[in-house]
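Each chain, letter by letter, is given below.
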Amino acid sequence: MTRKPIIAGNWKMNNTVADTRDAVRKLVPLVNDSVDVDIVVCPPFTSLAAAVDAAESSNISVGAQNVHWEEKGAYTGEISVKMLIELNVAYAVVGHSERRQYFGETDVNVNRRLHASLQAGLIPIVCVGETLEQRRSGEMEAVITGQIRVCLDKVSADRMCGTVIAYEPVWAIGTGVTATPEQAQEVHSLIRRLLRESYDDTTAETVRIQYGGSVKSSNINDLMSQPDIDGALVGGASLVPDEFGDLIKKAVDN
Ligand code: 13P
């Protein structure tokens, strides 16, 4: 089965409204010929409307970096799916390791965020990944298996097919150390095997699994050449339009 590649830029806490407008406007002409790939930018909440506006009539979609599971209420600092849908945001990243590490997010509440996104028609990008200590102590497989099981709990096969998974080894995020294509492939194939066990062959073959962690235009092609790597969730390199445009082109340039 051929899965359409998906490249998403996670801008994290970077880019004001003005910076966002500028970056998206620069990116649009760089990627308008790249039709065989889904392209997403995930700016901070304050820049979502500007990004949607600047990406209008282009092949770039906009995603949020997080979303809450409740529709509304006393959840200071949180944003609901309805608020994102109103802005024509199409994707939501859930469970990023920085959210887990600095803001106490757990697999259980990542699962809630995932259900709320799917219910509203937002495409979730669910992040999983092990730390360096976990990898060194031989726990990688157990950690990934646990995260996948809990994060995807009670998601139907149908909805699973519309969910994107991002494997982001924590030790490769922002460190300049990229997992080798073989290391990434090993975990991607583990995730696909877990999907096959929990669902079925069709679901496992349909779900797109992105790799994230120091992805650049210089390493995307090798990563994409692995059979279970269907795209990338890109941090630093997505902040520079020329570099991100180049990376997107190279992702589908086999
Ligand atoms: P870097 O590409 O900067 O390593 O960040 C990866 C990441 O966390 C994307 O979500």
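Residues numbered from 1 in each chain as written. Predicted model: local features only at pLDDT ≥ 70, side-chain atom pairs only at ≥ 80, totals over all residues. Heavy atoms only, no water.

**Section: the overall build of the chain**
So, step 1. Counting its regular elements, the chain contains 12 helices and 8 strands.
So, step 2. Relative to the globule expectation of 18 Å for 254 residues, the C-alpha radius of gyration of the chain, 17 Å, shows essentially globular dimensions.
So, step 3. The 254 residues of the chain split such that 53% are buried.
So, step 4. Pairs at least 24 residues apart make up 74% of the contacts formed inside the chain by residues separated by at least 6 positions.
So, step 5. Within the structure as shown, the chain displays about 11300 Å² of accessible surface, and the carbon and sulfur contribution to it stands at 50%. (Helix = DSSP H or I, 4+ residues; strand = E, 2+ residues; numbered from the N terminus. Rg over C-alpha atoms; globule rule 2.2 N^0.38 Å. Buried < 20%, exposed > 50% of the residue type's maximum accessible area, 1.4 Å probe, protein only. Contact = heavy atoms within 4.5 Å. Areas by Shrake-Rupley, 256 points an atom, 1.4 Å probe, with all protein chains shown as cover.)

**A look at the site of the ligand**
So, step 1. Close contacts around the ligand come from N10, K12, H96, E168, A172, I173, G174, G213, S214, L233, G235 and G236, and that covers them all.
So, step 2. For the ligand, an oxygen atom lies 2.8 Å from a polar atom in the backbone of S214. (Near = heavy atom within 4 Å. Polar contact = N/O pair within 3.5 Å; in protein donor to acceptor, adjacent residues only side chain to side chain.)

**What about the environment of Q226?**
So, step 1. Along the chain, the position of Q226 falls in the loop between α11 (220-224) and β8 (231-234).
So, step 2. As for Q226 and S189, which are separated by 37 residues in sequence, their C-alpha atoms are 9.8 Å apart.
So, step 3. Once residues within four sequence positions are removed from consideration, Q226 is found in contact with P181, E182 and Q185.

**Some thoughts on the side chain of T145**
So, step 1. Along the chain, T145 falls in helix α7 (residues 140-151).
So, step 2. Given a relative accessible area of 16%, T145 falls into the buried group.
So, step 3. Of note is the side chain of T145, whose polar atom sits 2.6 Å from the backbone oxygen of E141.
So, step 4. Not counting residues within four places of it along the chain, the set of residues in contact with T145 comprises L190 and L194.

**Quick word on the pattern of salt bridges**
So, step 1. As enumerated under the stated definition, the model contains 20 salt bridges in all.
So, step 2. In this structure, R192 and D230 form a salt bridge, with 2.7 Å as the shortest nitrogen-oxygen distance. With a gap of 38 residues between them, R192 in helix α9 (residues 181-198) and D230 in the loop between α11 and β8 connect regions that are remote in the sequence.
So, step 3. Taking relative accessible area as the criterion, R192 reaches 2% and is therefore assigned buried.
So, step 4. With relative accessibility at 5%, the residue D230 sits in the buried group. (Salt bridge = Lys/Arg side-chain N within 4 Å of Asp/Glu carboxyl O.)

**Description of the sheet that holds strand β7 (residues 208-212)**
So, step 1. Pairing in this closed barrel of 8 strands is parallel, and the strands run β1-β2-β3-β4-β5-β6-β7-β8 around the ring. Strand-to-strand, the axes of this sheet are offset by a mean angle of 25 degrees, without reference to chain direction.
So, step 2. Taken together, the 4 bridges between strand β5 (residues 123-128) and strand β6 (residues 164-167) define a ladder with parallel strand orientation. What sits directly across from V128, in β6, is Y167.
So, step 3. Contacting β4 (91-94) and β5, helix α5 (residues 107-120) crosses the sheet at an angle of about 165 degrees to β5. (Pairing = 2+ DSSP bridges. Axes fitted to C-alpha atoms, helices over the stretch in contact; angles between N-to-C directions.)

**Side note on the packing of aromatic side chains**
So, step 1. Evaluation of the coordinates by the stated rule reveals 2 aromatic pairs.
So, step 2. Where Y102 meets F103, the ring centres are 6.4 Å apart and the plane angle is 85 degrees; that geometry is what we call edge-to-face.
So, step 3. For Y102, a relative accessible area of 56% translates into the label exposed.
So, step 4. With a relative accessible area of 53%, F103 lands in the exposed category.
So, step 5. Over the face of the ring belonging to W69 we find R112, whose NZ or CZ atom lies 5.2 Å from the ring centre. (Phe/Tyr/Trp six-rings, centres within 6.5 Å; stacked < 30°, edge-to-face > 60°. Lys NZ or Arg CZ within 6 Å of the ring centre and 35° of its normal.)

**A short note on α7**
So, step 1. Taking 1.5 Å of rise per residue, the 12 residues of α7 would be expected to cover 16 Å, and the 16 Å separating its terminal C-alpha atoms lies within 8% of that figure.
So, step 2. Those residues of α7 not exposed but buried are M140, V143, I144, T145, Q147, I148 and C151.
So, step 3. Looking at the buried residues of α7, the elements they touch are α4 (97-103), α5, β5, α6 (132-136), β6 and α9. (Expected span 1.5 Å × (residues − 1).)

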